[in-house]
Amino acid sequence: MRLKNKLIGGSIITASALSVVLILAIIVIILVVTIIGGKDTLSWKFLTSFPTDGMMKGGIFPAIYGTALLVIVMSLAAVPFGAITAIYLTEYAHEKSWIAQTIRFAVRTLATVPSIIFGLFGLGFFIKYVGGGMDHLFMGGQLKWAQPNLLWGSLTMALLTLPVVIVSVEEAIRTVPRELREASLALGATKWQTIKKVVIPGSISGIMTGTILAVSRGAGEVAPILFTGAAYYLATLPTSVSDQFMNLGYHIYVLSTQSSNVDQTLPIQFATTLVLLMLTFTLNLTAVLIRSRLRRRIK
Amino acid sequence: MKEVKIVTKDLTLHYGQKMALNSINIQIPEKEVTAFIGPSGCGKSTFLRSLNRMNDLIPSVHIKGEILIDGLNIYEKKIDVVNLRKKIGMVFQKSNPFAKSIFENIAYGPRINGINDKKKLTEIVETSLKNAAIWDEVKDRLPDSALGLSGGQQQRLCIARTLAVQPEIILMDEPASALDPISTGKIEELIFELKKNYTIVIVTHNMQQAARVSDHTAFFYLGELIEYGKTRKIFTSPDIKQTEEYITGRFG
Ligand SMILES: Nc1ncnc2c1ncn2[C@@H]1O[C@H](COP(=O)(O)OP(=O)(O)OP(=O)(O)O)[C@@H](O)[C@H]1O
Ligand SMILES: [Mg+2]
């Protein structure tokens with residue numbers, strides 16, 4: 001019996017050690033391969049110029065610009081909405097009320113939905129239904145909103161990243177000590193004043209972490225914007241939310257599958273991948289740092 | 001005896017099924033210091049928190065009976081809790097300054113009352129800090145974070161913050177229990193000053209402190225008010241044996 005336990009324990013430890021090594025190895029391989037493949041192409045000029053020669057040469061500026069716009073518009077939607085939901089859940093809803101439980105269940109479910117489903121939902125709901133309705137009402141049936149654009153792409157992405165925001169903000173709000181709320185209430189502040197002046201300022205780092213994690217997720221996902229806003233190639237930068245946009249992740253996909261000469265664009269693919277990796281990596285690292293500072297504050 | 005400020009009639013409080021206060025009847029005089037003493041868990045904090053309806057925040061609390069302040073039942077439907085709490089300040093056991101500057105901590109209450117005029121705020125901040133006997137220590141560092149103050153200073157800052165709202169009553173729940181003797185002394189002197197203008201109710205575990213600062217003392221035991229009277233009397237010749245045993249340290 002003893003021996004059996006020892007064997008089981010031993011194999012579990014070996015298995016976990018192996019998987020850690022495996023994961024680390026994969027990360028290292030990805031990094032090394034992309035760095036080697038992309039380092040000669042990556043330059044300031046590459047980052048700031050347009051693609052040329054049917055995207056066989058040139059830079060990736062429109063894709064960077066489009067990705068930035070996407071995450072900005074997405075954050076403008078996801079952060080306030082997520083923060084309000086989190087405030088409602090922690091401050092107003094009773095833990096066991098059916099509405100709080102329903103929201104929590106929905107948030108958990110949302111987090112597990114494959115991202116391509118969000119893309120399809122965005123196509124069906126935002127473009128066909130909302131966009132179609134807007135065209136019908138405001139454009140006299142002319143096609144303007146019932147097609148992929150920055151707004152629909154960003155909103156679809158916002159749905160995908162909403163759970164990240166909600167969970168981070170909720171976690172941060174819970175770290176605001178009860179004593180501080182009581183101090184505020186005892187001074188004759190209303191509940192809303194207390195939330196506005198004590199709870200939200202006290203959870204600002206959580207709201208930031210949530211935003212950064214959402215941005216990092218949004219910057220890396222492609223499936224949600226596939227049908228809802230990303231463009232294969234644009235000669236000009238988007239100037240309105242009703243324009244389509246280019247995107248780093250989608251650009252990699254396009255270069256590696258749609259290009260007439262995939263091998264020739266390989267360095268560009270690697271360099272673009274490297275940019276995307278560094279971007280999400282930096283964002284995640286920042287979020288982790290802010291979060292760990294927050295955790296330390298609790299102790 | 002002076003005017004009566006707070007009266008409770010058969011005040012009974014339950015946390016869920018568990019009774020924490022059993023039919024408390026007490027009359028607390030205006031502009032004097034009333035001390036609540038009694039062993040841990042006897043309901044002192046619970047009683048104090050009923051007086052400014054802080055217990056409203058705990059869903060399981062049920063209250064029966066009446067609490068009259070200036071003759072008005074504070075648990076009546078038409079009472080505005082927010083206004084009630086402006087009238088009844090509270091100082092907590094653990095000092096709890098906001099993560100804001102010293103100035104903004106004091107200005108917090110006036111600001112939520114709609115005072116935003118910088119000159120007016122400066123005035124209120126200065127008077128409140130002076131009245132809380134901490135002005136000299138902080139006057140050169142008002143823009144600094146309040147979290148940088150010592151424990152005793154933080155507690156006096158919290159008192160100043162309460163004064164800034166101009167309450168009539170100040171409830172203090174063991175305000176000096178986490179402080180060193182010198183800071184405690186300062187708080188006690190302060191209480192002595194404050195009672196000229198405020199009705200003060202203080203919970204304390206420190207018998208000497210109760211004897212020093214209070215005019216009246218109430219002894220609680222297992223959710224009941226066992227004895228209540230002039231502090232001198234309670235500490236020299238209490239009527240009830242339990243009170244005497246507690247005060248002389250034989251139990252509790
Ligand atoms: N939020 C709560 N929920 C349930 N029971 C509570 C709650 N707060 C206090 N109690 C219980 O009510 C009783 C009175 O507690 P209270 O905090 O008023 O005592 P206290 O006299 O202030 O004690 P101490 O001197 O330790 O501060 C205790 O038995 C306590 O366990
Ligand atoms: Mg207590």
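Residues numbered from 1 in each chain as written. Chains lettered and ligands numbered in written order. Predicted model: local features only at pLDDT ≥ 70, side-chain atom pairs only at ≥ 80, totals over all residues. Heavy atoms only, no water.

A.B. asks: Help me understand the overall build of chain A in this model?
C.D. replies: Looking only at helices and strands, chain A features twelve helices and two strands. Starting at the N terminus, the α and β elements of chain A follow one another as α-α-β-β-α-α-α-α-α-α-α-α-α-α. Once the C-alpha set of chain A is aligned to its principal axes, its extents read approximately 75 × 65 × 40 Å. Across the 299 residues in chain A, those meeting the buried criterion constitute 43%. The long-range share in chain A, meaning contacts at least 24 apart out of those at least 6 apart in sequence, stands at 72%. Surface summary for chain A: the accessible area is close to 15900 Å², and the carbon and sulfur share equals 71%. Charge separation in chain A, taken as the distance between the mean sites of 24 positive and 12 negative side-chain charges, equals 10 Å. (Helix = DSSP H or I, 4+ residues; strand = E, 2+ residues; numbered from the N terminus. Buried < 20%, exposed > 50% of the residue type's maximum accessible area, 1.4 Å probe, protein only. Contact = heavy atoms within 4.5 Å. Areas by Shrake-Rupley, 256 points an atom, 1.4 Å probe, with all protein chains shown as cover. Lys, Arg positive; Asp, Glu negative; His and termini not counted. Charge placed at Lys NZ, Arg CZ, Asp CG, Glu CD.)

A.B. asks: What's the story with the pairing of strand β1 (residues 4-15) of chain B in this structure? I'm lost.
C.D. replies: Relative to strand β2 (residues 18-29) of chain B, β1 of chain B runs antiparallel, the two sharing eight bridges. Within β2 of chain B, the position partnered with His14 of chain B by the bridge is Met19 of chain B. (Pairing = 2+ DSSP bridges.)

A.B. asks: What is the right way to look at helix α6 (residues 150-174) of chain A in this model?
C.D. replies: Structural remark: α-helix, 3.6 residues per turn; residues separated by three or four positions point the same way. Residues and elements named next belong to chain A. For α6, spanning 25 residues, the distance from its first C-alpha to its last is 34 Å, which sits close to the expected 36 Å at 1.5 Å a residue. The axis of α6 is deflected most strongly, by about 45 degrees, at Thr161, and proline Pro163 appears within four residues downstream. Within α6, 19 of the 25 residues are buried, leaving the element largely enclosed by the surrounding structure. For α6, the capping residue at the N-terminal end is Asn149, with a side-chain oxygen 3.0 Å from the backbone nitrogen of Leu151. (Expected span 1.5 Å × (residues − 1). Bend = angle between axes of the 7 residues up to and from the residue. Polar contact = N/O pair within 3.5 Å; in protein donor to acceptor, adjacent residues only side chain to side chain.)

A.B. asks: Whenever I open this one, helix α4 (residues 98-112) of chain A confuses me. Can you help?
C.D. replies: Residue and element names in this part refer to chain A. Here α4 is 15 residues long and its end C-alpha atoms lie 21 Å apart, about the 21 Å a rise of 1.5 Å per residue gives. Regarding α4, the residues found buried are Ala100, Arg104 and Val107. Angular distribution of buried residues about the axis of α4 spans 60 degrees; they occupy a single face of the element. Looking at α4, the residues exposed on the side facing more than 90 degrees away from the buried face are Trp98, Phe105 and Thr112. On the buried face of α4, the contacting elements are α3 (61-92) and α6. (Arc of directions from axis to C-beta.)

A.B. asks: I tried to follow the site of ligand 1 on my own but got confused; where do I start?
C.D. replies: Residues and elements named next belong to chain B. The environment of ligand 1 is made up of 13 residues, and the closest members are Lys18, Ser40, Ser45, Thr46 and His205. Within the backbone of Gly43, one N or O atom sits 3.0 Å away from an oxygen atom of ligand 1. In this structure, an oxygen atom belonging to ligand 1 sits 2.7 Å away from a side-chain N or O atom of Lys44. Calculation on ligand 1 without its partners gives an accessible area of 630 Å², and the protein chains cover 65% of this total. At the level of elements, β2 and α1 (44-51) are the ones that each hand at least two residues to the shell around ligand 1. Ranked by the residues each element gives to the shell around ligand 1, the list is headed by α1, at three residues. When the residues that make up the shell around ligand 1 are grouped by side-chain class, the tally is four nonpolar, six polar and three charged. (Near = heavy atom within 4 Å. Nonpolar A, V, L, I, M, F, W, Y, C, P; charged D, E, K, R; others polar.)

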